[in-house]
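Chain and residue survey
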Amino acid sequence: MQLYNLKHPQQLVSFSEAVQLGLGKDRGLFFPTEIPVLEDMDSLLALPFVERSKKVLGAWLASELGQPAVDALVEGAFNFPLPLVKVDERRACLELFHGPTLAFKDFGARFMAQCINRLAGDKVLTILTATSGDTGAAVADAFFGLEKVKVMVLYPEGKISLLQEKMFSTLGGNIHTVAVASDFDACQHLVKQAFDDEDIREGLHLNSANSINISRLLAQVCYYFEAVAQAQALGFAEPVVAVPSGNFGNLTAGLLAKAMGLPIKRFIAATNSNDTVPRYLKSGDWVPETTVATMSNAMDVSEPSNWPRVEAICAQLGWPLTDITGVALSEAETSEALARLHDDGYLSEPHAAIAARALSLSLDAAEQGIFLGTAHPAKFKDVVDRELQLDLPLPPELAAVAQKPLLSARLAADFAALKAHMFDCLSR
């Protein structure tokens, strides 16, 4: 597999190099020179998830890693269910929250951890990542205890749910967490500054576990194939897919799946009030605004770093960007969407509720669709309890961390302070 830097196309790397570098020159994203197309889709969709995922990822990676290595990576990463739950005659939810940290990020983070542990060699790598919620927990869980990897997670202080925070900020060991006194975009900017700093990049063998890392995106491609396989069993022949969108890695993975030949009719990019992409799709003007805090805080992103990949896929395949439907919901509309979904007999949380409502608003009379359930409702217990007048019980994964003390350092959104902190605690 060969990839190029979207900012500097002359920089070409292998998958192994892209995984270990994370970003290219000038913080450019790596993108495949070719997208493989799979044959005999009916036979492929008839396979169980893990066996199918070996073939999907093998199409990308077997020529470089060998198919046995791909098989081992898949078996080590994908060992939990992902049911498609029918909500009504026209909508179903792909529940991606049955992994160890109860969020869809488990797929990408666990596959990436398997890849990095295999490719690291003798070096001790530093994973630096920013999170608006679920990435932190998934990455921390996936890398916790690995001898060749140290992890630092940055997150916006006070702007993620406490239970989300506890899932990754109570581990210790090789997991270091920093509460930044700002928003997610500031955390993401600090990560990018760190990658531009040669002292940090070389001295700490820096890598990223955000969805900018190609290994995470490829892992997420696999669950779109599972979504369509289960949808066809429900009679949804060529579904529309609504993706709750923050940093847009999830939508990027879906577009890659479609590019590989998966029969998805079209995509809906569903956002909250941080609506840079829906506005861009309507006007053609890219005008990020100040990020605002919402109840769907994992989507509180105004400058999604994966958007250049979305444009690259569409350009490579000749797809108009306007084939993607952008839908943004206000806080009041999110509250209403969550209540409507509950009235329909399906208990969810704000992110999936936004996608479910966007799907309802966008389907025409002949269409059926899937919305992605990206997190367990209990991860947003405070919001769900308040909005639906409930008292959700905590699943064991959350109950186990609820009373643990937070171990996070607290920093201003200042790069010099972050750099000093990184060398202080990661070079020991």
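This text follows the structure it describes.
The residue numbers shown here count from 1 along each chain, following its written sequence. Local features in this predicted model are restricted to residues whose pLDDT is 70 or higher, and side-chain atom pairs enter the listing and the counts only when it is 80 or higher, whereas totals over whole chains, interfaces and linings include all residues. Values reported for side chains reflect all heavy atoms of the structure, with hydrogen atoms and water molecules removed beforehand.

**Some remarks on empty space enclosed by the protein**
A water-sized probe rolled over the atoms picks out the places where empty space is left. A pocket here means an open set of points on a 1 Å grid, computed over the protein atoms alone, that has protein on both sides within 12 Å along at least five of seven lines. A cavity is instead a set of points where a 1.4 Å probe fits but cannot get out; residues with an atom within 4 Å of a point line either one. Grid points are joined across faces, edges and corners, and a volume is the space filled by probe spheres set on the points. As enumerated under the stated definition, the model contains three cavities of 30 Å³ or more in all. Here the largest cavity is characterised by a volume of approximately 280 Å³. Looking at the lining of the largest cavity, the elements that each hand over two or more residues are α6 (134-143), α10 (214-234) and α11 (249-259). Of the residues in the lining of the largest cavity, the class split is eight nonpolar, 13 polar and three charged. Each helix is a run of DSSP H or I of at least 4 residues and each strand a run of E of at least 2, with the numbering of both proceeding from the N terminus. Charged means Asp, Glu, Lys or Arg here, nonpolar means Ala, Val, Leu, Ile, Met, Phe, Trp, Tyr, Cys or Pro, and polar covers whatever is left, Gly included.

**Considering the layout of surface pockets**
Roughly 430 Å³ of internal volume is contained in the largest pocket. Lining the largest pocket are 19 residues, and of these Lys192, Glu303, Pro304, Ser305 and Pro308 sit closest to its centre. Only α8 (184-196) and α13 (307-317) provide two or more residues apiece to the lining of the largest pocket. When residues in the lining of the largest pocket are grouped by element, the largest group, four residues, is from α8. Looking at the lining of the largest pocket, its residues break down into nine nonpolar, four polar and six charged. The calculated volume of the second largest pocket comes to roughly 280 Å³. What lines the second largest pocket is a set of 16 residues, and nearest its centre among them are Gln20, Leu21, Arg201, Glu202 and Leu206. Taken together, the elements giving at least two residues each to the lining of the second largest pocket come down to α1 (15-21), α8 and α9 (198-203). Counting residues per element, the lining of the second largest pocket draws most heavily on α1, which supplies three residues.

**Comments concerning the sheet that holds strand β2 (residues 12-14)**
Spatially, three strands are ordered β2-β1-β3 in an open sheet, and the strand pairing comes out antiparallel. If you trace the sheet from one side to the other, it starts and ends with β2 and β3 (30-32), each paired once. With direction set aside, neighbouring strand axes in the sheet form an average angle of 40°. In short, DSSP must find at least two bridges between two strands for them to pair. Looking at chain direction, strand β1 (residues 2-5) and β2 are connected through three bridges and run antiparallel. Counterpart to tyrosine 4 in the pairing with β2 is leucine 12. Between N-to-C directions, angles span 0 to 180 degrees; the directions come from axes that are lines fitted to C-alpha atoms, helices contributing only their stretch in contact.

By themselves these figures say nothing about function.
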